[in-house]
Amino acid sequence: WALRDEGKWLPFDQGAIGALAATLPPAPALCPPTVAEGPLAFALEQCLRAEALAWREEAALPEAPFDPRLEHSLAPALAAYESERLTGRPFGADDFRAAVRACVPPGHSFSAFPFQVGHASPARLAAFLRASAVAEGVVCSRREAVSLAVRVRVFAYAEDVLAVWVIVACRCA
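Residues numbered from 1 in each chain as written. Predicted model: local features only at pLDDT ≥ 70, side-chain atom pairs only at ≥ 80, totals over all residues. Heavy atoms only, no water.

This brings us to the overall build of the protein. Secondary structure assignment for the protein yields 6 helices and 3 strands. Counting from the amino terminus, the protein carries its helices and strands in the arrangement α-α-α-α-β-α-α-β-β. In terms of C-alpha radius of gyration, the protein reaches 24 Å, well past the compact-globule figure of 16 Å for 173 residues. Judged by the C-alpha coordinates and their principal axes, the protein covers about 75 × 30 × 30 Å. Every one of the 173 residues in the protein was classed for burial, and the buried ones make up 33%. Of the roughly 10,800 Å² of accessible surface on the protein, a fraction of 62% belongs to carbon and sulfur atoms. Separation between the mean location of the 16 positive side-chain charges and that of the 19 negative ones in the protein comes to 6 Å. (Helix = DSSP H or I, 4+ residues; strand = E, 2+ residues; numbered from the N terminus. Rg over C-alpha atoms; globule rule 2.2 N^0.38 Å. Buried < 20%, exposed > 50% of the residue type's maximum accessible area, 1.4 Å probe, protein only. Areas by Shrake-Rupley, 256 points an atom, 1.4 Å probe, with all protein chains shown as cover. Lys, Arg positive; Asp, Glu negative; His and termini not counted. Charge placed at Lys NZ, Arg CZ, Asp CG, Glu CD.)

Following this line, the structure appears as structure tokens:
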């Protein structure tokens, strides 16, 4: 079989191709997403906050407050990550760095663990975090004046396919 040898192929009638295409059934329509992205993201954030506090408690670390200003500054990064995933082009990195710098006082440091999954299971998200040494370093930071931040962004696509972006971060002295 020499499939790449064009001399072995017979021409196909263009009219027959058109007739064949006309007999094919139409492609089924995709169902639009039914997921309420905002409420789902909020619920996942609440679960992950509780998980972070429990993790710190199990490690015998002091409770760390959540910084709403820092959490707010993380939201555009998640949108930029999804945009980059879809287009392959980075977007908004300078804006993200500037927003984080505005939330981190001099002498403090910032660390974060962003990740993306294709589900919205709080238990699976928590297990994924617990399995990551990087996430543990962020959540269970032993430095002084630790503030935590959790931000979740849900992107719903046709047929309720989800791209769930999570970033867990800490600011500390």
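Judged by pairing direction, the sheet is antiparallel, and its 3 strands sit side by side in the order β1-β3-β2 without closing on themselves. The two strands at the open ends of the sheet, each matched to only one other strand, are β1 (109–117) and β2 (147–157). Going across the sheet, the axis of each strand differs from the next one's by a mean of 15°, ignoring polarity. (Pairing = 2+ DSSP bridges. Axes fitted to C-alpha atoms, helices over the stretch in contact; angles between N-to-C directions.)

Now for the pattern of salt bridges. With the rule as written, the count across this model stands at 8 salt bridges. Its salt-bridge partner being glutamate 58, residue arginine 130 comes within 2.6 Å of it at the nearest N-O pair. Within this pair, whereas arginine 130 is found in helix α5 (residues 122–130), its partner glutamate 58 is found in helix α2 (residues 37–58), the two being separated by 72 residues in sequence. The partly exposed category is assigned to arginine 130, whose relative accessible area is 29%. By relative accessible area, which is 55% here, glutamate 58 ends up exposed. In this structure, arginine 85 engages glutamate 82 in a salt bridge whose closest nitrogen and oxygen atoms are separated by 2.8 Å. (Salt bridge = Lys/Arg side-chain N within 4 Å of Asp/Glu carboxyl O.)

Moving on, we come to the side chain of glutamate 71. Tracing the backbone shows glutamate 71 in helix α3 (residues 68–87). The exposure class of glutamate 71 is buried, given its relative accessible area of 4%. Among the polar contacts listed, one links the side chain of glutamate 71 to the side chain of arginine 49, at a separation of 2.9 Å. Every residue in contact with glutamate 71, bar those within four places of it in the chain, is listed here: Arg49, Phe66, Ala149, Val150 and Arg151. (Polar contact = N/O pair within 3.5 Å; in protein donor to acceptor, adjacent residues only side chain to side chain. Contact = heavy atoms within 4.5 Å.)

To continue, consider the environment of cysteine 140. Within the secondary structure, cysteine 140 sits in the loop between α6 (133–139) and β2. Between the C-alpha atoms of cysteine 140 and leucine 61, which are 79 residues apart in sequence, the distance is 7.3 Å. Beyond its immediate stretch of four places on either side in the chain, cysteine 140 contacts Trp55, Arg56, Ala59 and Leu61.

Another point: the pairing of strand β3 (residues 161–172). Among the 12 residues in β3, 11 count as buried, and that is most of the element. The turn linking β2 back onto β3 is made up of 3 residues, and glutamate 159 within it adopts a positive phi angle of 60°.

Attention shifts here to the packing of α3 against helix α4 (residues 93–103). Contact pair α3 / α4: the axes reach a minimum separation of 9 Å and the direction vectors enclose 170°. On the basis of the axis angle, α3 is roughly antiparallel to α4. Between α3 and α4, the contacting residues are Arg69, Leu70, Ser73, Leu74, Ala77 and Tyr81 on the first element and Phe96, Ala99, Val100, Ala102 and Cys103 on the second. Residues of the contact of α3 with α4, tallied by class, amount to 9 nonpolar, 1 polar and 1 charged. (Parallel < 35°, antiparallel > 145°, perpendicular 65-115°, else oblique. Nonpolar A, V, L, I, M, F, W, Y, C, P; charged D, E, K, R; others polar.)

A few words now on unusual backbone geometry. Even without a glycine there, the phi angle at alanine 60 is positive, about 60°. With respect to the secondary-structure elements, alanine 60 resides in the loop between α2 and α3. For alanine 60, a relative accessible area of 68% gives the class exposed. For alanine 145, which is not glycine, the phi torsion reads 50° and is therefore positive. Within the secondary structure layout, alanine 145 lies in the loop between α6 and β2.

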